[in-house]
Amino acid sequence: MRRRKNRDLPKIVMLSVALASGIGALAYAALTTFDQPVSDQYGCFDGFEQRHTVVLFDASEPRLNTMQTRSVRHYLDELYANLGFNERLSFITTEGDQISSAPKARFHVCGAPRSSDDLENIGASGVSAGYLKKQKKKLFETVYIPQIEAMLSPTPDEARRQVSQSPMLEMIKHVSDMKDFVPGSRLIVLSDLLQNSDTAQFCYRQNQMPPFRIFRERETYKNRLTPRSFEGIEVEVLLLQRYGYGRGPLQYCQSEEELTGFWRDYFIGNGAVNPGFTRIRDGHTAG
């Protein structure tokens, strides 16, 4: 028995050394990664410089039709896919359960690292390209898609429906006041631009939408609606097509061009340079 124990002793020693080495390696790995930055559940690395892109979604009815939903979804998917590393993409909506005098994001996600270099540049451990791709896909499928599909649904939950107002001037001002909405940020407005609140009802009531140079002189605008400057802010408007300007409920707007002209002058008059307007057609040919 003693002779057998002596024969097993070298094996026991080798296994002990291997076990100690493994534990040491794990301890070293834990120590070396303990202070490294990690992303949160939305893919964001807090404490590091990041661009802020805000999508302001006008949820007022009528909802987007099938063609408009397809166009908007393609635009937003491309927006997500092309986010810079750690760029924060926030969605603020006028949905019934979200609208307030101090809006906050319904949800947000951040741009995934495009290479191991992005991580190493902020002091995080580098990983393989395959791992990065897998993590970006996971964020897309578990965070982004469910939220986007609920937001664009033609039949939203009752609490999310917005049937009474569309306070776009108020909401844009509130976005401009957000502390992280600074030069270098981007604002994307998804709306038919038919302002509808106690301040003004564009196209629905006479003299509610004069040229912006006149509108800006009104006391209500000066006291409640003037946004912080859009200087250094990239502005893009996705204009949802509506029909019936110059007649019926929209009789007090001559045309879509009159409506977009007001908003273009509004953004430029508040410091934006060359705001973009993209028309989201509804697929019909009615006049």
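Not measured: the values here are computed from a predicted model.

Teacher, can you tell me more about the overall build of the chain here?
Each helix and strand counted, the chain has eight helices and six strands in total. For the chain, the sequential pattern of α-helices and β-strands runs α-β-α-β-β-α-α-α-β-α-α-β-α-β. Taken across its 287 residues, the chain has 42% of its residues classed as buried. Partitioning the contacts of the chain with sequence separation of at least 6, the portion at a separation of at least 24 is 78%.

Help me out: how do you make sense of the environment of Asp46 in this one?
Its place among the elements puts Asp46 in the loop between α1 (2-33) and β1 (52-57). Sequence spacing of Asp46 and Asn86 is 40 residues, and the spatial spacing of their C-alpha atoms is 8.8 Å.

Would you mind showing me how to read the state of the cysteines here?
The term disulfide refers to a covalent linkage connecting the sulfur atoms of a pair of cysteines. Enumeration over the complete set of coordinates arrives at two disulfides. A sulfur-sulfur separation of 2.0 Å characterises the disulfide bridge that pairs Cys44 with Cys110. Here the S-S torsion is close to 90°, and the disulfide linking Cys44 with Cys110 is therefore right-handed. Taken together, the positions of Cys44 in the loop between α1 and β1 and Cys110 in strand β3 (residues 107-110) put the pair 66 residues apart, joining distant regions of the chain. Here Cys44 and Cys110 have matching classes, each one buried. Disulfide pairing is shown between Cys203 and Cys253; the S-S distance is 1.8 Å. Its torsion about the S-S bond being -80°, the disulfide of Cys203 and Cys253 is classed as left-handed. In this pair, Cys203 sits in the loop between β4 (186-191) and α6 (212-215) while Cys253 sits in the loop between β5 (234-240) and α8 (256-269), placing the two residues 50 residues apart along the sequence. The buried category is assigned to Cys203, whose relative accessible area is 1%. Taken in N- to C-terminal order, the disulfide-linked cysteines of the chain are connected 1-2, 3-4.

Is there a simple way to think about the pairing of β4 in this case?
The side chains of a regular strand alternate between the sheet's two faces. For β4, the tally of buried residues reaches six of six residues, placing the bulk of the element in the interior. Burial along β4 is two-sided: the face carrying Arg186, Ile188 and Leu190 and the face carrying Leu187, Val189 and Ser191 are both buried. Looking at chain direction, β1 and β4 are connected through five bridges and run parallel. Across the sheet, Thr53 pairs through a bridge with Arg186, a residue of β4. Inspection of the sheet shows β4 paired to β5 by six bridges, in the parallel sense. The residue of β5 that forms the bridge with Leu190 is Leu238.

I'm lost on the packing of aromatic side chains in this one. Help?
How two aromatic rings sit relative to each other is set out by the distance from centre to centre and by the angle between their planes. Under the defined criterion, the tally for this structure stands at 19 aromatic pairs. Grouped by ring-pair contacts, the aromatic residues Phe202, Phe212, Phe215, Tyr221, Phe230, Phe262, Trp263, Tyr266 and Phe267 constitute a single cluster.

Explain the packing of helix α5 (residues 168-176) against α8 here, please?
Each pair of packed helices can be summarised by the angle the axes make with each other and by the distance between the axes. Across the interface, α5 lies against α8 with an axial gap of 13 Å and an inter-helix angle of 25°. Comparing their axes, α8 and α5 come out roughly parallel. Of the two possible hands of crossing, α5 and α8 adopt the one that is right-handed. When α5 is examined against α8, the residues Met168, Leu169 and Ile172 are found in contact with a partner set consisting of Trp263, Tyr266 and Phe267.

Criteria and thresholds
Residues numbered from 1 in each chain as written. Predicted model: local features only at pLDDT ≥ 70, side-chain atom pairs only at ≥ 80, totals over all residues. Heavy atoms only, no water. Helix = DSSP H or I, 4+ residues; strand = E, 2+ residues; numbered from the N terminus. Buried < 20%, exposed > 50% of the residue type's maximum accessible area, 1.4 Å probe, protein only. Contact = heavy atoms within 4.5 Å. Disulfide = S-S within 2.5 Å. Pairing = 2+ DSSP bridges. Phe/Tyr/Trp six-rings, centres within 6.5 Å; stacked < 30°, edge-to-face > 60°. Axes fitted to C-alpha atoms, helices over the stretch in contact; angles between N-to-C directions. Parallel < 35°, antiparallel > 145°, perpendicular 65-115°, else oblique. Left-handed = near helix turned anticlockwise from the far one by under 90°.

Everything listed here is a matter of coordinates, which is why it stays silent on function.
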